[in-house]
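Remarks on the overall topology
Given next are the chains, with one letter for each unit.
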Amino acid sequence: MAWCHSATRLLCSRLTISVIPPASFKFTTCRPIVTNVIRNKKHLFTNRVPLLQCCRLYQGDDATCLASDITKSSGLDTRKYLLSIGVNAGRIGQHSRSIFQQDEKEVQGVVSLLEKNGFTSDEIVALIEKNALLLMFDKHELQMRLSMFVGLGIKLPDIVKMSQLVLFSDLDIIVANIQLMQELLCASPKWISSLLKYKPQVFQNTCDFTHDEIRDNIIMIRKLLLHHGCVEVENVLRQIMRDDYRLFRTTQSQVRLVVDFLMEQGITGEDLVYVIKRSANIFQSTPEQLRQRMMNLQEKLDITESEVLKFVIRYPRALGMNSKNLDEHIKFFDDRVIDVTYIIDFPYVLWVSVKKLEKRYKEQEDLGLFPTSTMHQILANMHTSTKDFNRKMDNFRKKKKDSERDAESDKKKSSAKSRRKT
């Protein structure tokens, strides 16, 4: 009996843990209580407590009956309604069954709420197809989330594109992290809005680090940067948060170990600040791993110890490369008889996958770039963004086509001139 009251309290408090009783457990008195909680709070089961697990509070066929009774709704009407507003049922995917079992009025209520917040019909359809479980939200909570995002300056079309990670995460944690960034990073609403769109995982806390521990880490790293002469410390902290926020979720002892190692190598002052800013990922490695990577770079690139240090300061991300990845890139250069020292001039090719390098190299080779372009130009093209690379290749194709057309025109003119002389 006491267990049933406990289970009821768990359900009412919306905890994410469902305690399942032993198979031999039977109860009668508290069954109506639990039934009422499940029936009236079924919207809590969307992404939290599995509905059928709670239905296992009943024995035998009762579980199936209860689950059927709870999810019983005008599923066909809900499906017709969603299709009528333009939703493609196939794009809802694995959640389609749960969505179509929702009561039609509840679904219409969520759609009406989105319309009141200014979403167009096309945006509502796109939002449902991308985040179908949104239709199972409690309307009050959904309104709170929408108000928060709009208050941060996030435009409605951007909310449509947002990851499910933001839309379905704990709102209290998101708000706490936003307040932390505003306080310690002097983050503007525009910057936070951009981070929410492109790096929503930053706003999630892991089980390994509490909110207070993340705060302490940011304060410690701030002091470290100031100690080594960093002037625009807030800008550096924001860059770290955007590029590799894991630094703020690394133990302070690990951070100190890596900083001590870098200082032992002669990396101090502005150089140390630059390395931390540009390669926060190295703090996931031990000093022994970093030392081994520096030795690998020296050996593979055939350069001196001082040259390795200069290379690492210029391109700190190289310290985050494992030996296998470096060997694959060196092999790519060797197979094409390209001097590996070009890596020193174009270190960013190390962060482009070998598969992409091979594809871009072949494309440039097929276009006939090698006889007319230097290796510097070839490699410069290979580590640009996909958009820039495609634009450069399209420009080259156009120039090549124009050149061929001009050559053909000159040939025809020359032929016509010869015939006239004859």
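The structure we're discussing is the one just above.
Note on numbering: residues in each chain are counted from 1, in written sequence order. Predicted model: local features are reported for residues with pLDDT of at least 70 only, side-chain atom pairs are reported and counted for 80 or more only, and whole-chain, interface and lining totals are derived from all residues. Think of the side-chain values as coming from all heavy atoms in the structure, minus any hydrogens and water.

**Remarks on the overall build of the protein**
Filter applied, for reference: By definition, any uninterrupted DSSP run of H or I lasting at least four residues is a helix, any uninterrupted run of E lasting at least two residues is a strand, and each is numbered from the N terminus. Three labels apply to residues, based on accessible area from a 1.4 Å probe with only protein chains included: buried if under 20% of the type maximum, exposed if over 50%, partly exposed otherwise in between. Two residues qualify as a contact provided that any one of their heavy atoms is within 4.5 Å of a heavy atom in the partner residue. What sets the accessible areas is the Shrake-Rupley method with a 1.4 Å probe; for residues, cover comes only from the shown protein chains.
A count of helices and strands for the protein gives 25 helices and zero strands. When the 422 residues of the protein are sorted by exposure, 41% land in the buried category. Long-range contacts, defined here as pairs at least 24 residues apart, represent 70% of the contacts in the protein between residues at least 6 apart. Carbon and sulfur atoms provide 51% of the accessible area of the protein, an area that totals close to 23400 Å².

**Focus on empty space enclosed by the protein**
Where we set the bar: A cavity here means a set of 1 Å grid points, computed over protein atoms only, where a 1.4 Å probe fits but cannot escape. A pocket is an open set with protein on both sides within 12 Å along at least 5 of 7 lines, and lining residues have an atom within 4 Å of a point. Grid points are joined across faces, edges and corners, and a volume is the space filled by probe spheres set on the points. Residues are grouped as follows: nonpolar covers Ala, Val, Leu, Ile, Met, Phe, Trp, Tyr, Cys and Pro; charged covers Asp, Glu, Lys and Arg; every other residue, Gly included, is treated as polar.
Evaluation of the coordinates by the stated rule reveals five cavities of 30 Å³ or more. Taken as a whole, the second largest cavity encloses approximately 70 Å³ of empty space. What lines the second largest cavity is simply Asn177, Leu180, Met181, Val202, Ile214, Ile218, Met241, Tyr245, Phe248 and Arg249. Secondary structure elements with two or more residues in the lining of the second largest cavity: helix 13 (171-184) and helix 15 (211-227). Top contributing element to the lining of the second largest cavity by residue count: helix 13, with three residues. Grouping the constituent residues of the lining of the second largest cavity by class yields eight nonpolar, one polar and one charged.

**Quick notes on unusual backbone geometry**
Not every positive phi belongs to a glycine, and Cys186 is a case in point at roughly 50 degrees. Looking at the secondary structure, you find Cys186 in the loop between helix 13 and helix 14 (189-198). Within the chain, Asp302 stands out as a residue other than glycine whose phi angle is a positive 55 degrees. One can find Asp302 in the loop between helix 19 (287-301) and helix 20 (305-314).

**Description of the pattern of salt bridges**
Side-chain pairs of opposite charge can arise where the charged atoms are in close proximity. To keep it simple, the criterion reads: Salt bridge, as used here, is a side-chain nitrogen of Lys or Arg placed within 4 Å of a carboxyl oxygen of Asp or Glu.
Scanning all chains against the criterion turns up 13 salt bridges. Among the ionic pairs, Asp366 bridges to Lys362, the shortest N-O distance being 3.0 Å. With Asp366 and Lys362 both in helix 23 (residues 354-366), this residue pair falls four residues apart, about one helical turn. Each of Glu363, Asp394 and Arg397 takes part in a single network of salt bridges with overlapping partners.

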